[in-house]
Amino acid sequence: MVISVKNLTKRYGDLVALDHFNLEVGEGEILGLLGPNGSGKTTAINCILSLLKYEKGSIDIYGKPMAPEAYDLKRKIGIIMQNVAVFEELTVYENIDYFCGLYISDKNKRRSLVIEAMDFVGLNDYGKFYPKKLSGGLLRRLNIACGIAHKPDLIILDEPTVAVDPQSRNNILEGIQRLNREGATVIYTSHYMEEVEQICTRIAIMDKGKIIATGNKEELKAMINSGEKITVEIYNPENRILTDVKNLPHIVSAFFHDSFLTVKSERDKNNLMVLIDYLKTRQIAFGKIYSEPPTLNDVFLEITGKELRD
Amino acid sequence: MFWHIYKYRLKCLTRSRQMMFWTLLFPIILGTLFYMAFSNLSSVEAFSHIKIAVVDNEEFQKDTNFREALQSASDPDNGDGSLFDVTYTSKEEGESLLMGGNIEGIIYFNNGIKLILKESGLNQTIIKEFIDHYKQTLSTVSAIINRNPEAMQKGLIESSTSHKDFLKEASAGSSAPDTTVNYFYTLIAMACLYGSFFGLNEVTVNQANLSAQAARANMSPVHKLRVFIYSMTAAATIQLVNIGILLLYLTVILHINFGTQITYILLTCIAGTVTGVTFGAFIGSIVKGGEGIKIGILIAGSMTMSFLSGMMYDKMKYIVNTKVPVLGYLNPANLITDCFYSLYYYDTYTVFFTDILFLILLTAFFSLLTYLQIRRQKYASL
């Protein structure tokens with residue numbers, strides 16, 4: 001086990017930020033820590049890194065208790081903060097070299113690691129640029145390069161794609177998967193469920209300082225009752241349509257949102273053809289129609305009663 | 001590891017335009033302004049020769065004594081001791097010069113010495129005093145000759161015309177007194193204290209609850225106090241170089257005389273710089289609030305300390321030292337100023353080393369409290 005967190009409790013005054021938080025991360029995993037803003041993801045990461053004090057609980061990394069002076073453990077960890085943690089007065093190369101130099105003292109070895117890190121995040125052409133000359137996406141890539149240049153075994157990324165353009169986001173996500181393929185264990189916190197679904201081998205959903213569900217995306221989706229979601233544009237939405245649809249077989253719920261009818265089916269049941277037949281038979285005019293499998297947001301919604309992005 | 005951190009902290013700090021402005025450029029600009037202001041003051045205060053006209057008539061030519069006295073008072077070989085710039089002329093021409101404002105007065109002989117002035121003032125008073133003094137001395141000598149001619153042989157005339165000062169102006173040290181140099185001492189003291197900006201910055205980049213860079217560095221396998229000490233060493237180095245540049249500028253370009261004891265001057269700069277940098281670290285670690293508040297406190301604190309050591313009002317240092325002497329020992333700016341002052345004016349080092357000792361004590365105090373604040377490695381919140 002790479003990380004083992006047991007009964008971690010952290011308070012900010014009266015607010016319980018982590019409430020008997022438990023987490024286990026196995027070697028070679030990309031664990032996605034998914035939760036809305038304020039759910040306790042960053043607090044959990046900072047406690048795991050021994051930056052934050054906590055009231056109760058234990059944190060072991062590679063089987064050893066994590067502490068500020070656990071330098072042998074720190075040597076194996078790479079951290080990519082939510083806020084960009086680089087020096088404005090140093091160039092891209094210098095920033096990576098500075099942070100890498102806190103781990104690697106051999107100059108030649110460090111030089112090749114820095115170049116490799118720049119290459120990894122696609123900043124080869126920006127070595128002499130100062131951070132303020134970089135776009136938001138490139139800055140985030142620099143932030144990542146500073147955290148991974150020393151080739152850590154465990155990489156912790158705390159919302160690394162906030163305010164990043166799609167191209168840089170893809171670059172970052174692909175990079176994380178590549179690091180994982182090269183042997184690194186990854187913890188990835190985000191409130192973007194699409195990202196977590198895309199790259200994580202296992203997902204832990206957090207709410208109010210607790211892990212409320214864990215598993216891979218299929219396992220998580222299997223935990224809820226609802227299955228596919230069908231959305232149909234109805235030109236003349238009427239209440240009788242809603243009543244009729246709710247009486248169709250395997251329907252969990254149906255509701256109108258403006259002129260769009262949303263219908264949720266039971267898990268593993270497909271109602272698309274049944275619904276189309278109904279609309280044709282009753283000669284109800286409809287426009288766009290599409291079907292979606294359940295998402296992690298549906299999982300979160302069903303477990304907590306609220307949207308993931310609330 | 002030391003060189004790695006030291007090198008990059010040097011780069012970061014020297015590339016910070018804002019900090020380099022306050023620690024290097026601002027003192028140089030202020031020094032230049034002081035220099036310009038005091039140069040002007042000196043030129044206003046400097047004595048310039050009084051232009052007079054003397055009517056060169058027969059009676060004047062006959063009065064050998066007066067001619068000799070006037071010659072002595074207007075001798076260009078006397079340098080600054082020369083009182084008058086004399087033009088020998090006719091009475092009409094003299095009057096024309098006086099009306100035109102080219103001279104301050106006309107001396108002419110017509111049954112005795114006469115003086116014509118256009119207006120009253122310091123220069124006019126000096127001319128009148130000169131003539132009155134001459135007349136008085138002449139009268140004294142005449143009276144002595146008339147009443148006791150033998151006195152001439154006994155040297156009474158020399159005695160009556162000679163002047164003796166019973167008070168002598170003396171300096172405690174080898175340097176001539178110069179009130180303006182104290183302003184430059186306080187300027188250097190202020191510059192030393194502005195090293196506090198570097199100290200503040202180093203606390204910020206090493207405390208995980210103050211910056212993201214610090215959080216990342218705290219996660220590295222290097223003890224945070226080691227990183228902090230190396231960073232502070234870099235900060236002190238840059239500030240010392242800045243103070244060196246300021247000293248060079250003041251002495252080489254502006255020709256301010258700080259005396260000749262270069263070793264002790266450097267010791268003062270080192271002690272002052274370290275005190276300034278640790279003062280910034282102390283404020284950075286104990287004051288809760290944003291960086292803006294801390295910078296505000298540093299600027300206000302440095303200026304207040306400089307004010308109390310006489311930067312804006314030269315009597316302030318004396319007032320503090322006589323009314324609240326303890327404040328003088330707690331004020332680093334005053335201690336630094338005092339060091340320079342004692343080196344410049346005194347031949348002994350008692351005051352100097354006392355001041356250095358207090359600077360070291362203040363540094364130790366700031367360092368200890370900073371250590372107590374930053375030694376923790378876990379935070380309640382980030």
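Because the structure is a prediction, the values reported are computed rather than measured.

A.B. asks: How should I be thinking about the pattern of salt bridges in this particular structure?
C.D. replies: Opposite charge on two side chains permits them to pair, given that their charged atoms come into close proximity. This model, assessed by the stated rule, comprises 17 salt bridges over all chains. Put simply, A:Glu116 and A:Lys151 hold a salt bridge, and the shortest N to O gap is 2.4 Å. One end of the pair, A:Glu116, is in helix H4 (residues 107-121); the other, A:Lys151, is in the loop between helix H5 (136-148) and strand S7 (154-158), and 35 residues separate them in sequence. Through salt bridges with shared partners, one network takes in A:Glu94, B:Lys11 and B:Arg15.

A.B. asks: I keep staring at the domain arrangement of chain A and nothing clicks. Help me out?
C.D. replies: As far as domains go, chain A holds domain 1 (3-221) and domain 2 (226-293). The C-alpha-based centres of domain 1 of chain A and domain 2 of chain A are spaced at 42 Å.

A.B. asks: Hey, could you run me through the packing of aromatic side chains in this one?
C.D. replies: Two aromatic rings, taken as a pair, are described by how far apart their centres are and by the angle between their planes. Residues and elements named next belong to chain B. Going through the model one piece at a time under the given rule, you end up with 37 aromatic pairs over all chains. Seen from their ring centres, Phe2 and Tyr6 are 5.0 Å apart, and the 20° between their planes marks the pair as stacked. Within this pair, Phe2 and its partner Tyr6 are both found in helix H1 (residues 2-14), separated by four residues, close to a single helical turn. Accessibility expressed as a relative area gives 26% for Phe2, which makes it partly exposed. On the basis of relative accessible area, Tyr6 is assigned to the buried category, the value being 12%.

A.B. asks: For this particular structure, what's the right way to read a nonpolar patch on the surface?
C.D. replies: Among the surface-exposed residues, B:Phe21, B:Leu25, B:Ile29, B:Leu33, B:Tyr35 and B:Met36 lie close enough to one another that they form a single nonpolar patch of about 530 Å² accessible area. According to the relative accessible area criterion, B:Leu25 is partly exposed, its value standing at 43%.

A.B. asks: What should I look at first to understand the interface of chain B and chain A in this one?
C.D. replies: It is common to give the size of an interface as the accessible area lost on bringing the parts into contact. Listed per partner, the contact involves 29 residues of chain B and 39 residues of chain A. Counting each side, the surface lost to burial between chain B and chain A is near 3,200 Å², with a carbon and sulfur contribution of 62%. Of all residues in chain B, B:Arg216, B:Met219 and B:Lys378 bury the most surface against chain A, accounting for 28% of the area lost on that side. Remark: the boundary between chain B and chain A carries two salt bridges. The residue B:Arg15 makes a salt bridge to A:Glu94 at a minimum N-O spacing of 2.6 Å. Counting residues per element, the ones that place at least two in the side of chain B that touches chain A are H1 and helix H10 (212-218) of chain B. For the side of chain B that touches chain A, the per-class residue count stands at 16 nonpolar, eight polar and five charged.

What counts and what doesn't
- Residues numbered from 1 in each chain as written.
- Chains lettered and ligands numbered in written order.
- Predicted model: local features only at pLDDT ≥ 70, side-chain atom pairs only at ≥ 80, totals over all residues.
- Heavy atoms only, no water.
- Salt bridge = Lys/Arg side-chain N within 4 Å of Asp/Glu carboxyl O.
- Helix = DSSP H or I, 4+ residues; strand = E, 2+ residues; numbered from the N terminus.
- Domains from an automatic or database assignment.
- Phe/Tyr/Trp six-rings, centres within 6.5 Å; stacked < 30°, edge-to-face > 60°.
- Buried < 20%, exposed > 50% of the residue type's maximum accessible area, 1.4 Å probe, protein only.
- Patch = residues over 30% accessible without salt bridge, like charges linked within 9 Å, V, L, I, M, F, W, Y side chains within 5 Å.
- Areas by Shrake-Rupley, 256 points an atom, 1.4 Å probe, with all protein chains shown as cover.
- Contact = heavy atoms within 4.5 Å.
- Buried area = accessible area lost by both parts, 1.4 Å probe.
- Nonpolar A, V, L, I, M, F, W, Y, C, P; charged D, E, K, R; others polar.

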